[in-house]
Amino acid sequence: MPAAVPVPPTLALPLIESAFPRQLHPYWPRLQEKTRLWLLEKRLMPADKVQEYADGLCYTDLMAGYYIGAPDDVLQAIADYSAWFFVWDDRHDRDIVHGRTDEWRRLRFRLHAALDSPGPHESHPDPVVAGFADSVRRLYSFLPRTWNARFARHFHAVIEAYDREFRNRVRGYVPGVEEYLALRRLTFAHWIWTDLLEPSAGCELPDAVRKHPAYRRPALLSQEFAAWYNDLCSLPKEIAGEEVHNLGISLITHEGLTLEEAVVKLRRRIEKCVEEFLEAEMVGLRFADRLDDGTVPGKELGAAVRSCLCNMRNWFSSVYWFHHESGRYMVDSWDDRSTPPYVNNEAAGEK
């Protein structure tokens, strides 16, 4: 387990540090090595960027702290997909910064196509398309087609949300708070990370369980925490980059708050989310106990729900420490606060 790092007072959450013990999947050292090689093989980051920055970005640490208990091959597929997601997010950002509207439009349509039919896209000349197709094909191999169709439906919505963010940023449009919160659930891919709890538990949950408030509420709260805490930690980086998609920026723009007031309000929202999760978690565990009705299917379903709830809890500590260990948020150490040093600033997928 990595040693705890100092947390700035404005970002410190004592409840997370005390009530959410950190865990790390035992496969993590191998996971880090294999994802680093996958990034190179798929040309998702230049070799010099991988060598200098990949481990310090801690992308594998984030997943290894979340999907505890996942089979090694499942965790590897999730970690590679997660690393791809960060690369895609950076590509999206650079396309906006450089005004590459046509390139973004092509990428958007190709990702939709690769999501529905990954096999033919694994050899696509754009590494972002090919890497996505490879990771999705692997994720589709673990559970039935019904789970695959749900994952695809959820990620189609994520791609379209990224397109809305693209248009908002090009226009300089800052969404209002409620509009932003709804869009953020998609751009952060709340239901994608929740879907991936199921192959980690080795079980596709029936709709009656997955959509039950006792399961859905802690799942949503765990993801809301992650998205809002990310907004809090990335606020300096995103102000420097003239971003418009951040809860703090929406509060400043639409509620007339100062930066300091916005940080305080954002912290309160995050702290309340953590407290509400602790209550919802207990409801979820009682729900899992009721599912375990003494039959073999009931026992398996109850165990799967408990596994998912346990990992929803793990998401809090994994997200929290990731934001203080990853070079992705160390904006004060960058030469240019608006340009991450780990991105290929010129790459557009096509020359």
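Residues numbered from 1 in each chain as written. Predicted model: local features only at pLDDT ≥ 70, side-chain atom pairs only at ≥ 80, totals over all residues. Heavy atoms only, no water.

### Things to note about the packing of helix 9 (residues 177-187) against helix 14 (residues 247-255)
Rules: Between the N-to-C directions of two axes lies an angle of 0 to 180 degrees, each axis being a line fitted to C-alpha atoms and, for a helix, fitted only over the stretch in contact. Secondary structure elements are taken from DSSP: a helix is a run of H or I of four residues or more, a strand is a run of E of two residues or more, and numbering for both begins at the N terminus. Note on terminology: angles under 35 degrees are roughly parallel, angles over 145 are roughly antiparallel, angles of 65 to 115 are roughly perpendicular, and the others are oblique. Left-handed describes a crossing whose near helix is turned anticlockwise from the far helix by less than a right angle; the clockwise case is right-handed. Working rule for contacts: check all heavy atoms of both residues, and any pair within 4.5 Å makes them a contact. Residues are grouped as follows: nonpolar covers Ala, Val, Leu, Ile, Met, Phe, Trp, Tyr, Cys and Pro; charged covers Asp, Glu, Lys and Arg; every other residue, Gly included, is treated as polar.
In contact at an axis separation of 9 Å, helix 9 and helix 14 are set at 165 degrees when each is read in the N-to-C sense. Judged on the interaxial angle alone, helix 14 and helix 9 are roughly antiparallel. For the element pair helix 9 and helix 14, the recorded crossing hand is right-handed. Within the contact between the two elements, helix 9 uses Val177, Tyr180 and Leu181 and helix 14 uses Leu247, Ser250, Leu251 and Glu255. Taken together, the residues that form the contact of helix 9 with helix 14 break down as five nonpolar, one polar and one charged.

### A word on the environment of Leu75
Tracing the backbone through its elements, the reader meets Leu75 in helix 5 (residues 72-97). As for Leu75 and Pro213, which are separated by 138 residues in sequence, their C-alpha atoms are 27 Å apart.

### Quick notes on unusual backbone geometry
One can expect most non-glycine residues to show negative phi and most peptide bonds to be in trans. As a reminder of what qualifies: Any residue under 20% of the maximum accessible area for its type is buried, any over 50% is exposed, and the rest in between are partly exposed; the area is computed with a 1.4 Å probe on protein chains only.
Backbone geometry at Arg43 places phi at a positive 55 degrees, although glycine is not the residue there. Within the secondary structure layout, Arg43 lies in the loop between helix 2 (28-41) and helix 3 (47-57). Judged by relative accessible area, which is 53%, Arg43 ranks as exposed. One non-glycine residue, Cys58, lies in positive phi territory at about 65 degrees. Along the polypeptide, Cys58 turns up in the loop between helix 3 and helix 4 (59-64).

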